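# Notes for the structure review
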Amino acid sequence: QELALKSLGSEGLFLFSSLDTNNDLYLSPDEFKPIAEKLTGVAPISEFEEEETPDPSGEALSLVAKFQPLVMETMTKSKDGFLGISHVALSGLRNWTAPATPMSVMLARQFKAFLPPKNKLDLGDPWWIIPSELNIFTGYLSNNRFYPPPPKGKEIIIHRLLSMFHPRPFVKTRFAPQGAVACIQAVSTFYYTIAFRIHAEFQLNEPPDFPFWFSPGQFTGHIILSKDSSHVREFKLFVPNNRSLNVDMEWLYGASESSNMEVDIGYLPQMELESTGPSIPSVIHDENGNVIDSRDPSGEPIQFVFEEITWQQEIPWEEAAQKLEVAMYPFKKVSYLPFTQAFERAKAEKKLVHSILLWGALDDHKPLSASLPVPGSGRTLRETVLESSPILALLNESFISSWSLVKELEELQTNRENEFYSKLADLHLEKYNFPVEMIICLPNGTVIHHINANYFLDITSMKPEDVESSIFSFSTNFEDPSTATYLQFLKEGLQRAKPYLQT
């Protein structure tokens, strides 16, 4: 390392390290390939090898990409005019104004990756198209990378689809949960509707600039395809845009993994792929098996008629999406309702509201507080305490749960059309401290208990005898101090609420 630093300098070593994927201080031909292609301008003819080559005479599906760039004004850093942020750092983001490939044609058989395994034929029973290889114990993948590793197997079709937006998609994200999950939404004699959810991200910069990671909260969508994958009736993939913030961004400021990193969030109005119609034969045969022209004598394309699909079983899209969400995030076995709806339900059921207030989303695949001393407190919460069985049981029994973005509550706070909702937001924001605040309150919004995530993670990483506060005492029933402490937090809230709930 020292010799490499002396020979290459810090920035040269940074670039070398980003290409040296196995950290052996040697660039193999495969590792050098991305930079060689960049320097020569010569791209390979066939980028990836398929595990099995689809029949080129099979059906072809036309796809269009629709993209509206990130709204720069929604970034937190825009409030001070991006003060102190170099123009170069954001150049990849600012220059990404259109999809890399607005239209593409793919063979229907390539979508075979979306078909269910033989043991997952029940509606709503999720399976992994691309399994997640990360968890809270494995940590996360390096930030210091520019070029995605070559995709393999079922990753190939996902990579090809996402490459329509930008040339550098990473099918496996740096943080858990990675991968892609799917379930059957509807079934007929010959067809499936498959709902899917994908966690992927893009690298927007190239050397000599430093990495800039662009991570949409999720990609979701559906595909209607025949059970033998010879025909695709419909395909749609998109980034949901129903929340006020839906993208996380991180960029490095130096030539090492430990360099300063900036983090921000923003709103992406549109990123979607959609089929222009059903897949159609690449080669057309007449009744005698002879190849015929795809256009009629007048030069018009031959029109195909497709049979109507009669679904024998189906579940609503919302139910399928919920199943995929729980597969990605076991903490979602507890329903997390929208903010105002949670208080209405709590009032009707005479329960407390368990609310999590965040700077960035709780169910995006990234920790939106990665620049904090305690990295990714939202991610740590959802992958530890919020997934544990005792917490899930108590939340389901005694609380109505909700999570909200600070930005959303700030908007609700200024909404004078509904004074009660405005007051609820006001009471929450009074208690909020960056980055995540866990709050327990009455159905009328009165906060009876709260704790900041960073403080919570600090005290649960200490030895029990070192914790000064008697409020969060450790229970001997659980080996995991964070579960015990969060359970104590919830029980303390229930205890404090007793006088109010009894009246």
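Remember, it's a predicted structure, so these values are computed and weren't measured experimentally. (Residues numbered from 1 in each chain as written. Predicted model: local features only at pLDDT ≥ 70, side-chain atom pairs only at ≥ 80, totals over all residues. Heavy atoms only, no water.)

To continue, consider the packing of aromatic side chains. This structure, assessed with the given rule, holds 20 aromatic pairs. Seen in terms of ring centroids, Phe170 and Trp213 are 4.8 Å apart; in terms of plane orientation they differ by 65°. Their pairing is edge-to-face. Of the two residues, Phe170 is situated in strand β4 (residues 169-170) and Trp213 in strand β8 (residues 212-216); the sequence distance between them amounts to 43 residues. Both residues of the pair, Phe170 and Trp213, count as buried. (Phe/Tyr/Trp six-rings, centres within 6.5 Å; stacked < 30°, edge-to-face > 60°. Helix = DSSP H or I, 4+ residues; strand = E, 2+ residues; numbered from the N terminus. Buried < 20%, exposed > 50% of the residue type's maximum accessible area, 1.4 Å probe, protein only.)

Along the chain, Ser188 turns up in the loop between β5 (179-187) and β6 (191-199). For Ser188, a relative accessible area of 3% gives the class buried. Sequence-distant contacts of Ser188, defined by excluding residues within four places in its chain, comprise Lys227, Ile309, Thr310, Trp311 and Gln312. (Contact = heavy atoms within 4.5 Å.)

Next up on the list: the packing of helix α9 (residues 406-413) against helix α10 (residues 419-431). Contact pair α9 / α10: the axes reach a minimum separation of 8 Å and the direction vectors enclose 135°. Put simply, α9 runs oblique to α10. Here the hand of the crossing between α9 and α10 comes out left-handed. Across from Val406, Leu409, Glu410, Leu412 and Gln413 in α9, the residues of α10 making contact are Tyr421, Ser422, Ala425, Asp426, His428 and Leu429. (Axes fitted to C-alpha atoms, helices over the stretch in contact; angles between N-to-C directions. Parallel < 35°, antiparallel > 145°, perpendicular 65-115°, else oblique. Left-handed = near helix turned anticlockwise from the far one by under 90°.)

Pairing within the open sheet is mixed, and its five strands lie in the order β18-β20-β19-β21-β22. Two strands close off the open sheet at either side, each with one partner strand: β18 (336-337) and β22 (447-452). The pairing of strand β21 (residues 436-441) with β22 spans five bridges and is antiparallel. Looking across to β22, one finds that Ile439 is bridged to His450. Docked against the sheet, helix α8 (residues 389-398) engages β18, β19 (352-358) and β20 (399-405), running at close to 105° with respect to β20. (Pairing = 2+ DSSP bridges.)

A word on the nonpolar core. Counting 61 residues, the largest nonpolar core has Ile356, Met438, Tyr486 and Leu490 as the members making the most contacts within it. Here this core gathers at least three residues from each of two domains, domain 2 (59-315) and domain 3 (329-502). Beyond its immediate chain neighbours, meaning those up to four positions away, Met438 contacts Ser355, Ile356, Leu381, His449, His450, Ile451, Ala453, Phe456, Tyr486 and Phe489. (Core = buried A, V, L, I, M, F, W, Y, C linked by side-chain atoms within 4.5 Å. Domains from an automatic or database assignment.)

What follows covers the sheet that holds strand β11 (residues 247-252). With respect to topology, five strands assemble into an open sheet ordered β4-β7-β8-β11-β12, the strand pairing being antiparallel. Edge positions in the sheet fall to β4 and β12 (261-266), since each has one partner strand and no second. Pairing of strand β7 (residues 201-203) with β8, which is carried by two bridges, proceeds in the antiparallel orientation. Paired with Gln203 across the bridge in β8 is Trp213.

A complete count under the given rule lists 15 salt bridges for this structure. Across the salt bridge formed by Lys120 and Asp125, the nearest N and O atoms sit 3.3 Å from each other. What you see here is one network of salt bridges that share partners, running through Glu133, Glu155 and Lys172. (Salt bridge = Lys/Arg side-chain N within 4 Å of Asp/Glu carboxyl O.)

Further remarks concern α10. Each α-helix turn comprises 3.6 residues. Residues three or four places apart therefore point the same way. With 13 residues, α10 should reach 18 Å at 1.5 Å per residue; the first-to-last C-alpha distance of 19 Å fits that figure. Along α10, the positions that sit buried rather than exposed are Tyr421, Ser422, Leu424, Ala425, Leu427, His428 and Leu429. In this structure Asn418 caps α10, since a side-chain oxygen of it lies 3.1 Å from the backbone nitrogen of Phe420. (Expected span 1.5 Å × (residues − 1). Polar contact = N/O pair within 3.5 Å; in protein donor to acceptor, adjacent residues only side chain to side chain.)

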